[in-house]
Structure formats: structure tokens, C-alpha cells
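Spelled out, the chains give:
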Amino acid sequence: MNNIKIYKKIDSTQVKTKTLADKGAPQWTIIIAQEQTKGYGRLKREWSSNKGGLWFSFILKPKIDAGSIQKISFVASISLIRALKKQFGLKTKIKWVNDIFYKNKKIAGIIVESSLRQNKIDWLVIGIGVNINNDLPEELKNISRSIKDILGKKTDGRKLLSAFFNEFKTMYAKFLKSGFAVFADEYNKNLKFLNEEVKIENGKTIEGVNRGIDKEGRLVIESGKTLKKVVTGSCR
Ligand code: BTN
């Protein structure tokens, strides 16, 4: 069912996969790269992608409304958290929206991009980057870490990839059948800064206590006596 292609070096698996999706490539097409020269993350931020990391993107074609895209990204985050625990015994946390943290440093990130037709999803491309054995540039070392650095030895990124898809395929099928509500608790149990004061930036600045996501996938911020529900942004 998977259509996998591995590149030694590519600009970005995300760009490649989006191009393939535009040309009609099927769901579950997976593009992996050993190294990316122009990896990018959310908000078009540069994503350092040296050799040794796990860099991949894949296509989904769910028959659901555009409003649910974020929920699928949450399902991907939970799957990655589970896979990191199973494969390496690592207890990681999700910093809203989809940054994966080990203690106070980011070890992985997730981006979801889409093509829509009349509010329906034509395709989604989910891109995931995990710092496995790659060396991080000096300027990122105070905010990012690799799994090699945490475990003190090199590890096998491909095993993480298959652990991720084992989790994701089951959870994604459940999501399509039963909706997102069943996943909100697991997301919140693994949420960094839950019940702590946070600052959300999304064009505006929203400050308050992070109460986690609701069953619709919106982040709830308690600000004085009001509850503000936020759908996108970044969290400090
Ligand atoms: C983020 O944290 O902002 C998301 C980072 C996503 C990086 C991955 S690496 C594989 C895929 N190709 C890219 O160019 N980006 C994603």
C-alpha cells in the first residue's frame, strides 16, 4: 500500500511530495531523504537537515473538511510521541501546535500542507523531521537536540519511521471512523506547559493559562474569567 522513495540528497521532501501530489500521486506515497538542502518548517522557517536525521513527507487524501486538517496533525504528533517511547524509551512532550520536545529542547517538528477544493481536501502532505544522528549547527544547540545526543549513541531512524507508521495508520483509521474527540485526552496528557501560564502569538498576543485542546482541537486559554479558543499560532 505504501509507495516509498528514498533520496540521498534533495532540496526538500516536502516540496517533492507536494509536486507528486499535484500530479496525482496516491495516498501513502512516502518520500524520505538522507539529507535536505532546503528543508523548511512552519512559517517557512529554515529546517536544518544534515545527514543522519529522519526527514520524510507523505500524502494523505482524507474525504473531510478543511477545518479538520489541524486534527490530523495532532494525530501525527501523538503517533510520533508513542513511536519515540516504544522505539527509544523516550518520554517526549508536544509543544502546541506540533513541536516535539525532550525536556527543554526540540527534537522533532511536523508540518502539514494542503491543497483544497471548495473547502474539501484534495491532498495533504505531512512532513516530519526528527533529529536522530545528525549534527546540529552551533546556533541551534541551545534550543534543539538530537536523539544521538540524548541516548549517547547512534540509533536507527528507519526503525522510528516504521514505528511511527504503525501507530499513525491505526490512529488515522480510528480518526476517520470516530472523529477527533477520542484523541484530545492523549494529546493533552503529553502537552508541554499544560496548566501553566503561556503566551500565544498568532498575529495577536494571547496570554493566560494553557488548559489544553478541546474536543474540536482548539487550544483553550483561560484569561481571567474568559476562555479563549485558539486554532493556530505558536506558544512560548
Ligand atoms: C516545524 O517544526 O516547523 C516543522 C519541521 C518539519 C521538517 C520536515 S523534514 C521533512 C520535511 N521536509 C521539509 O522540508 N520539511 C519537513
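Quick caveat, the model's predicted, so the values are computed rather than measured. (Residues numbered from 1 in each chain as written. Predicted model: local features only at pLDDT ≥ 70, side-chain atom pairs only at ≥ 80, totals over all residues. Heavy atoms only, no water.)

### Section: the packing of aromatic side chains
- Here the structure, examined in full by the defined rule, presents 17 aromatic pairs.
- Both rings, one in Trp-28 and one in Tyr-172, keep their centres 5.7 Å apart while their planes meet at 90°; by these two values the pair is edge-to-face. Here the residue Trp-28 occupies a position in the loop between helix H1 (13-22) and strand E2 (29-36), and Tyr-172 occupies one in helix H4 (residues 157-178), the gap between them amounting to 144 residues.
- Measuring from ring centre to ring centre gives 5.9 Å for Phe-74 and Phe-180, while their planes differ by 45°; the resulting arrangement is tilted. You can see Phe-74 sitting in helix H2 (residues 69-88) and its partner Phe-180 sitting in the loop between H4 and helix H5 (181-189), a full 106 residues away along the chain.
- Since its relative accessible area comes to 0%, Phe-74 is described here as buried.
- Across from the ring centre of Tyr-40, 4.4 Å away, lies the NZ or CZ of Lys-44, which sits over that ring.
- Positioned over the ring face of Trp-28 is Lys-169, at 4.5 Å from the centre of the ring. (Phe/Tyr/Trp six-rings, centres within 6.5 Å; stacked < 30°, edge-to-face > 60°. Helix = DSSP H or I, 4+ residues; strand = E, 2+ residues; numbered from the N terminus. Buried < 20%, exposed > 50% of the residue type's maximum accessible area, 1.4 Å probe, protein only. Lys NZ or Arg CZ within 6 Å of the ring centre and 35° of its normal.)

### A closer look at the domain arrangement of the protein
- We note that the domain assignment places domain 1 (4-189) and domain 2 (197-235) within the protein.
- The C-alpha centroid of domain 2 is placed 23 Å from the C-alpha centroid of domain 1.
- Across the contact surface, domain 1 and domain 2 share two salt bridges.
- For Asp-185, the salt bridge identified is with Lys-215, shortest N-O distance 3.9 Å.
- Our enumeration of links across domain 1 and domain 2 arrives at four residue pairs in polar contact (both at pLDDT 80 or more).
- Top element by residues in the side of domain 1 that touches domain 2 is H5. It accounts for five residues.
- Here the residues of the side of domain 1 that touches domain 2 sort into seven nonpolar, two polar and four charged. (Domains from an automatic or database assignment. Salt bridge = Lys/Arg side-chain N within 4 Å of Asp/Glu carboxyl O. Polar contact = N/O pair within 3.5 Å; in protein donor to acceptor, adjacent residues only side chain to side chain. Nonpolar A, V, L, I, M, F, W, Y, C, P; charged D, E, K, R; others polar.)

### Digging into the pairing of strand E10 (residues 219-223)
- E10 sits mainly inside the fold: four of its five residues count as buried.
- Hairpin connection of strand E9 (residues 205-213) to E10: five residues between the antiparallel strands, including Gly-217 at a positive phi of 85°.
- In this sheet, strand E11 (residues 226-230) lies alongside E10 in antiparallel orientation, the contact comprising five bridges. For Glu-222, the partnering residue across the bridge sits in E11 and is Leu-227.
- Taking the residues between adjacent antiparallel strands as the criterion, E10 and E11 are bridged by two residues, where Gly-224 takes a positive phi near 60°. (Pairing = 2+ DSSP bridges.)

### Re H1
- Here H1 has its buried residues at Thr-13, Gln-14, Thr-17, Lys-18 and Ala-21. For H1, the buried positions fall inside an angular range of 130° around the axis, keeping them on one side.
- Taken together, the buried residues of H1 touch strand E1 (3-10), E2, strand E3 (54-60), strand E6 (105-117) and strand E7 (120-130).
- Here H1 starts with a cap whose side-chain oxygen sits 3.1 Å from the backbone nitrogen of Gln-14, and that cap is Ser-12.
- Following H1 by one or two positions, Gly-24 adopts a phi angle in the positive range, close to 95°. (Arc of directions from axis to C-beta. Contact = heavy atoms within 4.5 Å.)

### A short note on the sheet that holds strand E4 (residues 93-95)
- With mixed pairing, seven strands are arranged side by side in an open sheet as E1-E2-E3-E7-E6-E5-E4. Because the sheet does not close on itself, it has two edges, and the strands there are E1 and E4. Across the sheet, the mean angle separating the axes of adjacent strands is 20° when strand polarity is ignored.
- Here E2 pairs with E3 via four bridges, running antiparallel. Looking across to E3, one finds that Ala-33 is bridged to Trp-55.
- On the sheet, H2 packs against E3, E4, strand E5 (99-102), E6 and E7 and is oriented at approximately 150° with respect to E6. (Axes fitted to C-alpha atoms, helices over the stretch in contact; angles between N-to-C directions.)

### Some thoughts on the layout of surface pockets
- In this structure, the largest pocket spans a volume of roughly 730 Å³.
- Looking at the largest pocket, it is lined by 38 residues, and the ones nearest its centre are Gly-41, Arg-45, Glu-46, Trp-47 and Lys-106.
- Mapped by element, the contributors of at least two residues to the lining of the largest pocket are H1, E3, E5, E6, E7 and strand E12 (234-235).
- When residues of the lining of the largest pocket are assigned to their parent elements, the largest contribution, five residues, is made by E6.
- Looking at the lining of the largest pocket residue by residue, the class counts come to 15 nonpolar, 15 polar and eight charged. (1 Å grid on protein atoms, 1.4 Å probe; cavity = no way out; pocket = protein on both sides within 12 Å on 5 of 7 lines; lining within 4 Å. Points joined across faces, edges and corners; volume = space filled by probe spheres on them.)

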